[in-house]
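Structural overview
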Amino acid sequence: MKKTLLATAATFMATSAMADVNIGNPMAMTGPIPDLNAPIAAAVDLAAQNVNDQGGMFADGETLNIVRADSACDPTAAVDAVTKLINVNSVSAIVGPVCSGATIAQAESVSIPAGVVTLSVSASSPAITNMEDGTDLVFRAAASDAYQGVALAELALANGFDEIAVSYANDDYNAAIAEVFVQAYTDLGGTVTANEAHEPNKASYRSEVATIGATSDNLALFSYYGSGGITLMRNALETGAFTNFIGADGMLSDELIEQIGAENLMTSTFTTSASDDSTPSFAAWKAIADEAGVPASDPFVANGYDATFMMALAIEAAGSDDRAVIAESLRAIATAPGEVILPGEWAKAKEILAAGGEINYEGAAGNQDFDENGDVAGNFSKSTIVDGAWAAELIQ
Amino acid sequence: MEAYLGYFLYLLSLLTVGGIYAIFALGLNVQWGFAGLFNAGIVGFVAVGAYVYALLTTAESTFHIGGFGLPLPVGMAIAMAMAALIAGLIGLVCIRLRSDYLAIATIGIAEIIKLIFKNETDITNGPRGINKIPRAWEHFSEERFYSSAPMSWIATPEQWVAFFDSLPNWYWQPLFAGTILLVVFIIYKMLERARTSPWGRMMTAIRENEPASRAAGKDVTKRRIEAFVIGAAIMGLGGALFAQHLRLIEPTNTFDPSKVTFLVWVMLIAGGSGNNRGAILGAFLIWTIWSASELLIAGMIDVISAVFSTLDPSILATRAGFLRMMLIGILMQVILQRYPGGILPEVRPASPKAEKTVAGATGETK
Amino acid sequence: MWDAFGFEFVNFYLIPGLVLGCIYALGAIGITLTFGILRFANFAHGEVMMSGAYIAWTIMALVGAAGIALHPLVALPFAAIFVIGLFLLCDRWFYKPFRKADTIKIVIASFGVMLIIRSAVQALWGPNQITFVPGIARPNAWLQSVTGDAGMMILMPNKHLWIFAGTILLVVALSYLLNRTRTGKAMRAVSDSPDLAHVTGINVETVIKATWIVGGICATAAGVFLVMDTQTLETTMGFRMLLPMFAAAILGGIGKPYGAVFGGLVIGLAEELSAYPWIGDTPLLSPGYKTGVAFAIMVVMLIVRPQGLFKGRSF
Amino acid sequence: MAMDTVLSVAGLTKSFGGLQAVRGVDFEVERGAIVGLIGPNGAGKTTTFNMIAGELPPTTGKITLLGEDITGQRTDTLYHKGLMRTFQLSHEYARMTSLENLMVAAPDQTGESIWSSWFANGRVKQREAEVIELARDTLDFLGLTHVGEELAGNLSGGQKKLLEIGRTMMNDAKVVLLDEPGAGVNPTLMRKVGDMILQLNEERGYTFCIIEHDMDMIARLADKVVVLAEGQVLMEGTMDEVRSDERVIDAYFGGEVV
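Each value, and the rule that gives it
- Residue positions are counted from 1 within each chain, in the order its sequence is given.
- Chain A is the first chain written and ligand 1 is the first ligand written, with later ones labelled in order.
- Only residues with pLDDT of at least 70 are given local features in this predicted model, and only at 80 or more are side-chain atom pairs given and counted; all residues enter the totals for whole chains, interfaces and linings.
- The side-chain figures draw on all heavy atoms in the structure; neither hydrogens nor water molecules are used.
- The criterion used for residue contact is that any of the two residues' heavy atoms lie within 4.5 Å.
- Buried area is calculated as the accessible area (1.4 Å probe) missing from two parts once they are joined, with the contributions of both summed.
- A side-chain nitrogen of Lys or Arg and a carboxyl oxygen of Asp or Glu constitute a salt bridge if their distance falls within 4 Å.
- For this analysis, a polar contact is any N or O atom pair within 3.5 Å, provided that within protein one partner can donate a hydrogen and the other can accept it, and provided that sequence-adjacent residues contribute only side-chain to side-chain pairs.
- For the purposes of this entry, the term helix denotes a DSSP run of H or I that reaches at least four residues, the term strand denotes a run of E that reaches at least two, and both are numbered from the N terminus.
- Side-chain classes follow a simple rule in which Ala, Val, Leu, Ile, Met, Phe, Trp, Tyr, Cys and Pro form the nonpolar group, Asp, Glu, Lys and Arg form the charged group, and the remainder, Gly included, forms the polar group.
- Where each domain starts and ends comes from a domain assignment, either automatic or drawn from a database.
- Every residue is assigned a pLDDT by the predictor, reflecting its confidence on a scale from 0 to 100.
- UniProt positions are given in the numbering used here, feature names are shortened, and annotations may be inferred rather than shown by experiment.
- Type-normalised accessible area, obtained with a 1.4 Å probe on protein chains alone, sets the label of each residue: buried when under 20%, exposed when over 50%, and partly exposed for intermediate values.
- The handedness rule is simple: strands pointing away from the viewer, and a clockwise path from the first strand over the helix to the second, make the crossover right-handed.
- To get an axis, a line is fitted to the C-alpha atoms, and for a helix only the part in contact is used. The angle between two axes follows their N-to-C directions and goes from 0 to 180 degrees.
- Here is the rule for angles: anything less than 35 degrees is roughly parallel, anything more than 145 is roughly antiparallel, 65 through 115 is roughly perpendicular, and the remaining ranges are oblique.
- Should the near helix be turned anticlockwise from the far one by less than a right angle, the crossing is termed left-handed; should it be turned clockwise, right-handed.
- Note: two strands are recorded as paired if DSSP finds a minimum of 2 bridges between them.
- The criterion for an aromatic pair is that two Phe, Tyr or Trp rings (for Trp, the six-membered ring) have centres within 6.5 Å, with stacked assigned to planes under 30 degrees apart, edge-to-face to planes over 60 apart and tilted to the rest.
- Directions from the helix axis toward the C-beta atoms define the arc.

Contact residues are listed per partner, giving 44 residues for chain A and 42 residues for chain B. Buried area between chain A and chain B, summed over both chains or domains, comes out near 3800 Å², and the portion from carbon and sulfur atoms is 57%. Linking chain A to chain B there are 4 salt bridges. Counting across the chain A and chain B interface gives 14 residue pairs in polar contact (both at pLDDT 80 or more). Put simply, the parts of the chain that give the side of chain A that touches chain B at least two residues each are α1 (2-17), β2 (64-70), α3 (75-87), α4 (100-114) and α6 (172-187) of chain A. Its residues assigned to classes, the side of chain A that touches chain B comprises 20 nonpolar, 13 polar and 11 charged.

This part covers the domain arrangement of chain A. Frequently, the measure chosen for interface size is the accessible area removed from exposure when the parts meet. Residue and element names in this part refer to chain A. Looking at the assigned domains, one finds that chain A contains domain 1 (9-142 + 277-367) and domain 2 (146-267). Taken over C-alpha atoms, the centre of domain 1 sits 31 Å from the centre of domain 2. With 13 residues of domain 1 at the contact, the number on the domain 2 side is 12 residues. Between domain 1 and domain 2 we count 0 salt bridges in total. The interface formed by domain 1 and domain 2 contains 1 residue pair in polar contact (both at pLDDT 80 or more). Mapped by element, the contributors of at least two residues to the side of domain 1 that touches domain 2 are α2 (34-53) and α4. In terms of residue class, the side of domain 1 that touches domain 2 is built from 7 nonpolar, 4 polar and 2 charged.

Moving on, we come to the confidence of the model for chain A. Counting all residues, the mean pLDDT for chain A is 83, and 93% of those residues have values of 70 or more. When the criterion is pLDDT under 50, residues 12-17 of chain A qualifies, and its contacts beyond four places in sequence or with other chains add up to 5 contacts.

Turning our eyes to something else, we now look at the UniProt feature "transmembrane region" (unreviewed entry) in chain B. All names here are of chain B. Residues given the UniProt feature "transmembrane region" (unreviewed entry) here are residues 6-27, 34-54, 74-94, 101-117, 170-191, 227-246 and 281-308. Overall, residues 34-54 shows 67% helix and 0% strand. The separation of its end C-alpha atoms is 30 Å. Regarding residues 74-94, the helix share stands at 100% and the strand share at 0%, and the terminal C-alpha atoms are separated by 30 Å.

Let's shift gears to the pairing of β2 of chain A. Counting buried positions along β2 of chain A yields 6 of 7 residues, so the element is predominantly enclosed. Where the polypeptide runs from strand β1 (residues 21-27) of chain A across α2 of chain A and back to β2 of chain A, its parallel neighbour, the crossover connection is right-handed.

Turning our attention to the packing of helix α2 (residues 45-65) of chain C against helix α10 (residues 237-252) of chain C. Residues and elements named next belong to chain C. The contact between α2 and α10 brings their axes to 7 Å, and the two run at 135°. When the axes of α2 and α10 are compared, the pair comes out oblique. Where α2 crosses over α10, the handedness of that crossing is right-handed. Facing His45, Gly46, Glu47, Met49, Met50 and Ala53 of α2, the residues of α10 in contact are Met237, Gly238, Phe239, Met241, Leu242 and Met245.

This paragraph deals with the sheet that holds strand β4 (residues 60-65) of chain D. Residue and element names in this part refer to chain D. Pairing within the open sheet is antiparallel, and its 4 strands lie in the order β2-β1-β4-β5. The strands lining the two open edges of the sheet, one partner per strand, are β2 (19-30) and β5 (68-69). With 9 bridges connecting them, strand β1 (residues 5-16) and β2 associate as antiparallel partners. Residue Lys14 lies in a different strand from β2, and its bridge partner there is Val22. The sheet strands contacting helix α1 (residues 45-52) are β1, β2 and β4, and the helix crosses β1 at an angle near 115°.

Below, the discussion takes up the packing of aromatic side chains. Considering all chains together, one arrives at 42 aromatic pairs over all chains under this definition. Residues Phe40 of chain C and Tyr95 of chain C carry aromatic rings whose centres are separated by 5.1 Å and whose planes lie at 55° to one another, so their mutual orientation is tilted. Taken together, the residues span a long stretch of sequence, with Phe40 of chain C in the loop between α1 (2-37) and α2 and Tyr95 of chain C in helix α3 (residues 72-95) at a distance of 55 residues. Across this residue pair, the class does not change: Phe40 of chain C and Tyr95 of chain C are buried. Among the aromatic side chains, those forming a connected cluster through ring pairs are Tyr21, Phe24, Tyr51, Phe117, Phe242, Phe255 and Trp287 of chain B.

Moving on, we come to the interface of chain C and chain B. With 48 residues of chain C in contact, the opposing surface of chain B contributes 38 residues. Between chain C and chain B, the buried area comes to about 3700 Å², and carbon and sulfur atoms account for 77% of it. One can count 0 salt bridges joining chain C with chain B. Applying the counting rule to chain C against chain B returns 5 residue pairs in polar contact (both at pLDDT 80 or more). Only α3, α4 (103-125), α10 and α12 (290-304) of chain C provide two or more residues apiece to the side of chain C that touches chain B. Partitioned by chemical class, the residues of the side of chain C that touches chain B number 35 nonpolar, 10 polar and 3 charged.

All names here are of chain A. Taken as a whole, helix α12 (residues 326-334) has its buried residues at Ile326, Ala327, Ser329, Leu330, Ile333 and Ala334. For α12, the buried positions fall inside an angular range of 170° around the axis, keeping them on one side. Turning to α12, the residues buried within the fold contact β3 (93-95), β4 (118-120), β5 (138-140), α11 (301-318) and β12 (359-361).

Here is the structure:
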């Protein structure tokens, strides 16, 4: 018991004694998608490390601390975690959580009432767009499904799939994007031959695959690779029910190649928030990520980096870690006018800001210009297998 | 001073969530502690309460059915009634099952309830859930509340806006926590009265010896269903408050059986089943341990990584959440083995003292 | 005929259903024996199964590091030893203290064990998914051509053939054990009537140990087979399998190993066949409800016929 | 006497699967009588009792209580009609006091409705006072006053048996089925149990139907004895008649003369 008390006291003292800048980072460490979460967390840490390596925060070089907590993709855990971050750890802002449900719950329940800015890494639910009433505190570094679903529908038709079967995992992210996709695809003149949910994390999807497989050779698959997506894809390939696959960023992962094999994925295309090799910002990000051993094009990893880096820039630009001023400066640093800042260019940005200049961060995952709802439009790229690895190409 | 306010607000949130769990634990205490019904489907009743409340009280929405914008207490009352109704139906068919059979059946039913909420997308918005659920007190500062009766009788909307602007942004937090504690207190009082009345004696009798209770004229089946329904109604009310606290509910992760059903069982067993005070104590204690253990483990990781500088703290950090679960599991085992009756074991109400009693008049007997 | 109805039905519904059924069956054997002999529902069974698969993977990885690619079936017996050890330790620490107490205590203890094992695996192996064998499994070409020539083409990858063979082998071994050996007969006796068995001088503790050993072997096999089938290892698979396995055990009748095998096959088939377009072109039941099928069968069974199809013990 | 039958059993049968445990039992119990039900193990005595008491539905046959057909009615319904039973193995509420054990069995307890326990406290308290009074009197009658506050689980076997009988006294029972009141009770206390049964019979007019293996006890208490063997009534009559009947000696006493 004594030990427990000591450790608790140590934590409290550690947090209150720090004159540094603290950013709360609730992530889905446990829960349904811990494997997707791990590289995103690494990207968040990498951003903080870049900031601290290049002179830290403010003129006196304060350390940027990432205070991590577990939101478990679960509203209960997220609300609890963010309550602690805001009240006990006294963080200046929240970067994260990963899942839309957790993001909305923590924002509505804790961070909006407390007046703290949330910049979500990967929450993509359309519900976030209209969530706020008269406040401007919730932003996200990932595009709403509404954008990606449309982009994907256009891509599907461009690839010549004028009929397609849709299978989506019955979770908040995939159900939302599937709905947008189906709507856009039909509006653009495509035919959806089957549209079925599948329960995540089942041992076998052969009957699902067979049921919808009779209708088309093309499958639009919305699933997390970590919670059944790989199994479904494997079942689809094994039974030969489908030949062409198309899907959103939940599936785009190196783990897919590792588990299924690049040779089996030659007819698969997945879109993701622009991880476009050709843009200078992605090149800059890829260089940093590769050096640190972070998988640069896994789902939402680039967004994780962007979110953290932008939050640091916003606090730096505001000149203080006071909660109230961050929202405004977050808009300022992310949008034109201003000198373009690429991922990793902290020292440069710091210098410009110190001189009273303006900056415009161009993120690894897109230009990150927030609209009035705090959403980003996002660019999208499609990834296909080239030489046994994912290769991205900008489509929008 | 800012920091102390933060600690105060965290304390309030512990009381809020602990209070909600205390309501669940009290509901379970009626079922298990009083009547000996092994309900392992708590999460199902909680979900029913939460969803009914959410659908009835939210403003109209395109995402899910209705959004009927009913007053909060009405939503809570109907949430309770629906949970009770569903428990009644389940009780009619399942109540005669023996303990672990009932447990397995209720787990299965709770999962089916969750699947329905998840798949009937037109009604519940499916896996994306329902958000903007109104929370008591906080939402009186929302336009649809202050511009309608009864709040509009008291002051004009402009006056209300001015009034709410003058309050600190956390004004609702003590009020909400207080409301929940009040609900816990009322439920506690009612259950204590029921427990110490002939009703409680009869329930204990049924739990202790079924054939004898039948021979003593007790309709055992009906009484068990009664306890099941009362417990479920309390859980449904707790579910409605849970929805208020979270403000977003979705079927998969909010109502994860290991975080609702299991945690509530740990709370009741730790606190002392059959003892209402034990249920409440267990709920606050375990929730505080659960919530604070995150700070604790984060602190320990800092210490460990400071001592063993070669160790990569990020690996520890990614796995800290699992250690938390493990901690609860181990705590559970220790309590089960060391304190089989819980921290506050069950105490039968003092039976009226016989004047002629010579020995053994202890007043309270275990 | 085969093309119009049978081909798709057999290959995409029936065979997957049977594969899943075999896995459920093996898991349910352990559950039904524990339920029958120790008289409690062991909620930790799924987690033990999952940890068995992780241990098998580790053995394969260790041997693989030495340059030898090990078939999962070879790693299975070694993993089973660990799992038996795990079962026996759990029994010693967490279940034995409650042998004489109310059933509820031991059930809740098994709840706790479930949590401990799962979080231990998550903390040790990390949350990332891993796989036994990468790639996809193509149908066995020989079987395909032979049956194809006969006009009834069957598509079955090798892994499924292994799973069927392994299950049959284990069930035959189990029936030998239960019918021909002293320990097996004692196990059946205790399961049928614990009090009577006690009177006849059977050492109940030995029977309990044997139960854990048999359950451990079957659970490891179920875990390894599951991962062979899905080729994906992750930490929540145990809990997901648990309720269908309970359903199988209840369907077959508590304390009846053959009943559990039968129940497992029925549940596996029911889950897969529920999505078959029996009427018209749409699935009979939306695949979103697939998991609910096993629960529904279980609940209905409990209410209508708690002793199960094979007249197991109902308490 | 036959005019005033309180309990009658006609053509009662019960089969469990293929096994016929009771095959056509008929007997009548007159008001104020003490009827003994005897027979060798497995004769179907307890099964018959369970059917009368509503624990088991009969396969065929008819049971009449005070002129009303009660066949297949539940135990708790029969309680309200004045039929009560005790158990062969004492069914006490081990973790409740002796006093509470008795109080549970009192009829018409307002406080057993949860609504009245919440909202009609006055009425609940009033009835509760009466119930306590009755329970105390019963304890006095049983000679258990000194263990009134003791947990029932801690009582001796005989005291538990007395408590069982005491429960029937809480509800003014018309017919009481006693299943082996003497089993596992020491001889002194057994005598006391017997006294009590006689006293209840005489003073309060209870009608008893008793299963008992102890022939001396039956001889002392019973006006009439019904002998069951292999699920059928072998004979009925006084104890003396039964003792001298050849068939009974064959079936029951295994040929030995007692």
